[in-house]
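Below, each chain spelled out in residue letters.
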Amino acid sequence: MYIYNSNSIDFDYLSAFNFGDSNSDTGDLVAGLGIRLDLPNGQNSFKTSSQRFCDGRLVIDFLMDEMDLPFLNPYLDSLGLPNFKKGCNFAAAGATILPANPTSVSPFSFDLQISQFIRFKSRSLELLSKTGRKYEKYLPPLDYYSKGLYMIDIGQNDIAGAFYSKTLDQVLASIPSILETFEAGLKRLYEEGGRNFWIHNTGPLGCLAQNIAKFGTDSTKLDEFGCVSSHNQAAKLFNLQLHALSNKFQAQFPDSSVTYVDIFSIKSNLIANYSRFGFEKPLMACCGVGGAPLNYDSRITCGQTKVLDGISVTAKACDDSSEYINWDGIHYTEAANHFVSSQILTGKYSDPPFSDQMPFFLSLKF
């Protein structure tokens, strides 16, 4: 597959720094909390657990390939001689924009991830200045920060998590304060030299098996595709305000380059037209228990074996994950991530778009 691209978006970045949640976590939460994430996670591309909540590659992995950058090593994983010369991944599963609280799945909120980045930058530059060429192969020099790409994909857990304790109206009312925290984080990255920002909006949360199982038991609360209407309504309002914030930030800091990417439309299109794109199961999880229609049980996660209702069960993967959009009830399969990546790279779903001029090709590898 060949994807056209435009010179209005410079893909020749020296490095990439990523902030987010499980949609782009390449191992941070697993390393940070010391948890296990075993097969079948990672079974397709890596043949072993890749510490990703997926059967293979994530969207960010495909995008790094297209930018001729290596897969990003997670900040908190010290094993395997990680190389951070071309960037670092601070995303952690369960992360939120708002600060974490004692009941949070992950302590690594957006603000904390940025603090980790600031420490990473200062410590890297300190080591490079003190040790001469010893760490040149492993750490980014100063210009890699101003000429790097800052990718952000976060907010899903703020919105989805809020529904467990708030009404729809309360969730909608909380969005401005969530985005105030996001904007403050964006400004911190700018102050640290970041100039190139790529901001993903949040996907159709109501189409995740986890949310359908919990909030969609009443069929009147589902839309024509079987998704929870309230969750998607909240995601749309969040995205509308995030888009406005991105435009405001661009105007406020004209020397920056802010690209807003409409992940919601890409994923919604995939779910609505799944068969046209080669999928057979738009909502059902590949890895889980319970069978159709969702194959999801909140009491057990992919790969686990537990006693449920007096019976020992294992959440196993389906025979062919390429037929499924959803991997484990919350995250997408590698096949779906490949589709999302290919759509991002058309430039049609970005503001500003980058499909109008096409000076070179990108080859998307699968």
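Here the structure is a predicted model, which is why all the values come from computation and not from measurement. Every chain is numbered on its own, with residues counted from 1 as its sequence reads. Selection of residues for local features in this predicted model requires a pLDDT of at least 70, selection of side-chain atom pairs for listing and counting requires 80 or more, and totals for whole chains, interfaces and linings are taken over all residues. Hydrogen atoms and water are omitted, and side-chain values are computed over all heavy atoms in the structure.

## Some remarks on the side chain of Asn211
Part 1 of the argument: Helix numbers and strand numbers start at the N terminus; a helix is a DSSP run of H or I with at least 4 residues, a strand a run of E with at least 2. When you line up the elements, Asn211 lands in helix 7 (residues 209-215).
Part 2 of the argument: Separated by 2.8 Å, the side chain of Asn211 and the backbone oxygen of Leu205 make a polar contact.
Part 3 of the argument: Contacts were defined at the residue level, with two residues in contact if any of their heavy atoms lie within 4.5 Å. Asn211 has contacts with Ala160, Tyr164, Leu205, Gly216, Val228 and His231, leaving out every residue within four places of it along the chain. Here a polar contact is recorded for every N or O atom pair within 3.5 Å, except that within protein the pair must consist of a potential hydrogen donor and a potential acceptor, and residues adjacent in sequence are included only if both atoms are side-chain atoms.

## Considering the pairing of strand 9 (residues 311-314)
Part 1 of the argument: For strand 8 (residues 305-308) and strand 9, the ladder comprises 4 bridges, and the chain directions are antiparallel. Following the sheet pairing, Lys306 is matched in strand 9 by Val313.
Part 2 of the argument: Where strand 8 folds back on strand 9, the antiparallel hairpin that results is connected by 2 residues, among which Asp309 adopts a positive phi of roughly 55°. Whether two strands pair comes down to DSSP finding at least two bridges between them.

## Quick word on the layout of surface pockets
Part 1 of the argument: Size it by volume and the largest pocket reaches roughly 1,300 Å³.
Part 2 of the argument: For the largest pocket, the lining is made up of 46 residues, of which Gly94, Val105, Asn157, Gln210 and Ile330 are closest to its centre.
Part 3 of the argument: The dominant element in the lining of the largest pocket, judged by the number of residues it contributes, is helix 5 (residues 156-162), at 6 residues.
Part 4 of the argument: Each residue is assigned to one class: nonpolar for Ala, Val, Leu, Ile, Met, Phe, Trp, Tyr, Cys and Pro, charged for Asp, Glu, Lys and Arg, and polar for all the others, Gly among them. A per-class count over the lining of the largest pocket returns 21 nonpolar, 19 polar and 6 charged.
Part 5 of the argument: Cavities and pockets are found on a 1 Å grid laid over the protein atoms alone: a cavity is a set of points where a 1.4 Å probe fits but cannot escape, a pocket is an open set with protein on both sides within 12 Å along at least five of seven lines, and a lining residue has an atom within 4 Å of such a point. Grid points are joined across faces, edges and corners, and a volume is the space filled by probe spheres set on the points. Space inside the second largest pocket adds up to approximately 390 Å³.
Part 6 of the argument: Each residue belonging to the lining of the second largest pocket can be placed in one class, and the counts come to 9 nonpolar, 2 polar and 3 charged.

## Quick word on the pairing of strand 6 (residues 257-261)
Part 1 of the argument: Buried, partly exposed and exposed residues are distinguished by accessible area as a fraction of the type maximum, computed with a 1.4 Å probe on protein chains only: under 20%, between the cut-offs, and over 50%, respectively. The buried fraction of strand 6 is high, at 4 of 5 residues.
Part 2 of the argument: Sheet analysis places strand 5 (residues 196-200) next to strand 6, joined by 5 bridges and oriented parallel. Bridge pairing in strand 6 places Ile199 opposite Tyr260.
Part 3 of the argument: The pairing of strand 6 with strand 11 (residues 350-351) spans 2 bridges and is classified as antiparallel. Bridge pairing in strand 11 links Tyr260 to Asp351.

## Quick look at the pattern of salt bridges
Part 1 of the argument: Salt bridges are defined by distance alone: a side-chain nitrogen of Lys or Arg within 4 Å of a carboxyl oxygen of Asp or Glu. Going through the model one piece at a time under the given rule, you end up with 13 salt bridges.
Part 2 of the argument: Between Arg188 and Asp111 there is a salt bridge, and its shortest N-O distance comes to 2.6 Å. Of this pair, Arg188 sits in helix 6 (residues 168-191) while Asp111 sits in helix 3 (residues 110-130); the two residues are 77 residues apart in sequence, bridging distant segments of the chain.
Part 3 of the argument: Judged by its relative accessible area of 38%, Asp111 is partly exposed.
Part 4 of the argument: The partner of Glu126 in a salt bridge is Arg123, with the nearest N and O atoms 3.5 Å apart. Residue Glu126 and its partner Arg123 are located together in helix 3, separated by 3 residues, close to a single helical turn.
Part 5 of the argument: On the basis of relative accessible area, Glu126 is assigned to the partly exposed category, the value being 30%.
Part 6 of the argument: Counted as one network, the salt bridges with shared partners bring together Arg123, Glu126 and Lys130.

## Looking at the sheet that holds strand 5
Part 1 of the argument: On the basis of which strands lie adjacent, the open sheet formed by 6 strands has the order 3-2-4-5-6-11 and mixed pairing. Each having just a single partner strand, strand 3 (87-89) and strand 11 make up the two edges of the open sheet.
Part 2 of the argument: Here the axes come from fitting lines to C-alpha atoms, over the contacting stretch only for helices, and the angles between their N-to-C directions go from 0 to 180 degrees. Taken strand by strand, helix 3 contacts strand 2 (16-20), strand 3 and strand 4 (149-153), and its axis lies near 155° from that of strand 2.
Part 3 of the argument: Contacts from helix 8 (residues 229-252) reach strand 5, strand 6 and strand 11, with the element oriented near 165° to strand 6.

## Thoughts on the state of the cysteines
Part 1 of the argument: Two cysteine sulfurs form a disulfide in these notes if their separation is within 2.5 Å. Per the stated rule, a full pass over the model turns up 3 disulfides.
Part 2 of the argument: Across a sulfur-sulfur distance of 2.1 Å, Cys287 and Cys302 are joined as a disulfide pair. Because the torsion about its S-S bond is 90°, the bridge between Cys287 and Cys302 counts as right-handed. With Cys287 in the loop between strand 7 (281-285) and strand 8 and Cys302 in the loop between strand 7 and strand 8, this residue pair connects regions lying 15 residues apart in the sequence.
Part 3 of the argument: Disulfide partners in the chain, listed by the sequence order of the bonded cysteines, are 1-2, 3-6, 4-5.

## With respect to empty space enclosed by the protein
Part 1 of the argument: Inspection of every chain in the model, using the stated rule, returns 3 cavities of 30 Å³ or more.
Part 2 of the argument: In this structure, the largest cavity encloses a volume near 190 Å³.
Part 3 of the argument: For the lining of the largest cavity, the elements supplying multiple residues, two or more each, are helix 2 (59-66), strand 4, helix 9 (263-272) and helix 10 (334-344).
Part 4 of the argument: Of the residues forming the lining of the largest cavity, the biggest block, 3 residues, is contributed by strand 4.

## Regarding unusual backbone geometry
As a rule of thumb, non-glycine residues mostly have phi less than zero, and peptide bonds are mostly trans rather than cis.
Part 1 of the argument: The residue after Ala292, namely Pro293, is reached through a cis peptide bond having omega 5°.
Part 2 of the argument: Considering the arrangement of structural elements, one finds Pro293 in the loop between strand 7 and strand 8.
Part 3 of the argument: The omega torsion of the bond from Asp351 to Pro352 falls at 0°, within 30 degrees of zero and hence cis.
Part 4 of the argument: For Pro352, the position within the fold is in the loop between strand 11 and strand 12 (360-363).

## Some points on the packing of helix 3 against helix 6
Part 1 of the argument: Taken N-terminus to C-terminus, the directions of helix 3 and helix 6 make an angle of 5°; their axes are 10 Å apart at the nearest point. Taken together, helix 3 and helix 6 sit at an angle that is classed as roughly parallel. Every residue of helix 6 that contacts helix 3 at Phe110, Asp111, Ile114, Ser115, Phe117 and Ile118 is listed here: Phe182, Gly185, Leu186, Arg188 and Leu189.
Part 2 of the argument: Classifying every residue of the contact of helix 3 with helix 6 gives 7 nonpolar, 2 polar and 2 charged. Here the angle decides the label: under 35 degrees means roughly parallel, over 145 means roughly antiparallel, 65 to 115 means roughly perpendicular, and every other value means oblique.

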